[in-house]
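A look at the structure
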Amino acid sequence: MKFYFISFLFFSIFLIPNVLAHCPLCTAATGAAVTITRWYGLDDSIVGVFVGGMIVASGLWFNNLAKKFNKGKGYLPFQSGIFLLLSFILTIITFYFADLLGSNNMFKIFGIDRILFGSIIGIIASFAAFKLHDMLRIFNRNRNYFPYQSILVLLLTLTISSSVLYLVM
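Scope of this entry: the structure provided in the associated data block. (Residues numbered from 1 in each chain as written. Predicted model: local features only at pLDDT ≥ 70, side-chain atom pairs only at ≥ 80, totals over all residues. Heavy atoms only, no water.)

**Observations regarding the nonpolar core**
Inclusion rule: Nonpolar core, defined: a set of buried Ala, Val, Leu, Ile, Met, Phe, Trp, Tyr and Cys residues in which side-chain atoms within 4.5 Å join the residues together. Between buried and exposed lies partly exposed: a residue is buried under 20% and exposed over 50% of the maximum accessible area for its type, with that area taken using a 1.4 Å probe on protein chains only. Helix and strand definitions follow DSSP, with helices as H or I runs of at least four residues and strands as E runs of at least two, each counted in order from the N terminus. Residue contacts are counted whenever heavy atoms from the two residues lie within 4.5 Å of one another.
Counting 13 residues, the largest nonpolar core has Val-34, Val-51, Ile-55, Phe-95, Leu-101 and Ile-115 as its most contacted members. Looking at this core, the elements with two or more residues in it are α3 (44–69), α4 (79–97) and α5 (114–139). The dominant element in this core, judged by the number of residues it contributes, is α3, at 5 residues. Not counting chain neighbours up to four residues away, the residues in contact with Ile-115 comprise Val-34, Asp-44, Ser-45, Gly-48, Val-51, Phe-95, Leu-100 and Leu-101. Formed by 10 residues, the second largest nonpolar core is a distinct cluster that contains Val-49, Ala-125, Ala-129 and Leu-158.

Listed below in structure tokens is the structure:
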């Protein structure tokens, strides 16, 4: 039994080709996360920051998928922007129908739903993380300073943004 488990791990880690690690079900998982974090009393704007990161990741994932099917070219002008906007709209619509938006005045800040406010902060933080990653690569002669630099910079930026919101809210 142990042999099969170790063999499975070996094949899973070393022999499987690249996978697409982001799926459209993230919106449903994020909705569940918002529900759970509300139950624990965590502010929606903090979760919204990571929702914003998920929105950007989903939009860029769909853009890369479309480019893959079109031999590296975009189908439309401003294709990545269109996919980002579509990802944002579909996430917000899903949250609205899941009754996570617009239902209660206690979940608002500056007249905007807290999760929507946090999502906008998360989208801005994600783009700032991409710019920071690009700057770091320029300073290091177009190489990363460490493995998975772009992902770690993104997670660090989102974590700092949510921490600031936690301290301010």
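**Quick notes on the packing of α5 against helix α6 (residues 149–168)**
Quick reminder of the rule: Every axis in this analysis is a line fitted to C-alpha atoms, fitted for helices over the stretch in contact. Angles between the N-to-C directions lie between 0 and 180 degrees. Our angle categories are set so that under 35 degrees counts as roughly parallel, over 145 as roughly antiparallel, 65 to 115 as roughly perpendicular, and the remainder as oblique. Handedness of a helix crossing follows the sense of rotation of the near helix relative to the far helix, less than a right angle counterclockwise being left-handed and clockwise being right-handed. Each residue is assigned to one of three groups, with Ala, Val, Leu, Ile, Met, Phe, Trp, Tyr, Cys and Pro labelled nonpolar, Asp, Glu, Lys and Arg labelled charged, and all others, Gly among them, labelled polar.
Packing of α5 against α6 brings their axes to within 8 Å, and their N-to-C directions diverge by 140°. With respect to each other, α5 and α6 are oriented oblique. The element α5 and its partner α6 pack so that their crossing is right-handed. Counted together, Phe-117, Ile-121, Gly-122, Ala-125, Ser-126, Ala-129, Leu-132, His-133, Leu-136 and Arg-137 of α5 and Gln-149, Ser-150, Val-153, Leu-154, Thr-157, Leu-158, Ser-161 and Leu-165 of α6 form the full contact between these two elements. Taken together, the residues of the contact of α5 with α6 sort by class into 10 nonpolar, 7 polar and 1 charged.

**Some remarks on a nonpolar patch on the surface**
Our working definition: Here the term patch refers to residues with relative accessible area over 30% and no salt bridge, with like charges joined within 9 Å and nonpolar side chains (Val, Leu, Ile, Met, Phe, Trp, Tyr) within 5 Å. Only the protein chains shown count as covering a residue, and every accessible area follows the Shrake-Rupley method with a 1.4 Å probe. One side-chain nitrogen of Lys or Arg within 4 Å of one carboxyl oxygen of Asp or Glu is enough to make a salt bridge.
On the surface, Phe-50, Leu-132, Met-135, Ile-138, Phe-139, Tyr-145, Phe-146, Tyr-148, Ile-151, Leu-152 and Leu-155 cluster together into a nonpolar patch covering about 1200 Å² of accessible area. Elements supplying a minimum of two residues to the nonpolar patch: α5 and α6. It is α5 that contributes the most residues to the nonpolar patch, 4 residues altogether. Along the chain, Tyr-145 turns up in the loop between α5 and α6. Taking relative accessible area as the criterion, Tyr-145 reaches 45% and is therefore assigned partly exposed.

**Considerations on α5**
Definition in use: Take the number of residues in a helix, subtract one, and multiply by 1.5 Å to get its expected span.
Its 26 residues place the ends of α5 37 Å apart at the C-alpha level, agreeing with the 38 Å of an ideal helix rising 1.5 Å per residue. What α5 keeps buried is the set Arg-114, Ile-115, Phe-117, Gly-118, Ser-119, Gly-122, Ile-123, Ala-125, Ser-126, Ala-129 and His-133. With its phi angle positive at about 55°, Arg-141 sits one or two positions after the end of α5.

**Digging into the packing of aromatic side chains**
How two aromatic rings sit relative to each other is given by the distance of their centres and the angle of their planes. To keep things clear, this is the line we draw: Working definition: rings of Phe, Tyr and Trp (its six-membered ring) pair if their centres are within 6.5 Å, and the pair is stacked with planes under 30 degrees apart, edge-to-face with planes over 60 apart, and tilted otherwise.
Enumeration over the complete set of coordinates arrives at 4 aromatic pairs. Ring centres of Tyr-96 and Phe-97 lie 5.7 Å apart, and the angle between their planes is 70°; on these two criteria the pair is classed as edge-to-face. Each member of the pair Tyr-96 and Phe-97 is classed as exposed. Here the aromatic rings of Phe-127 and Phe-130 are separated by 6.4 Å at their centres, their planes lie at 70°, and the arrangement is edge-to-face. One end of the pair is Phe-127 and the other is Phe-130, both in helix α5 and 3 residues apart, which spans about a single turn.

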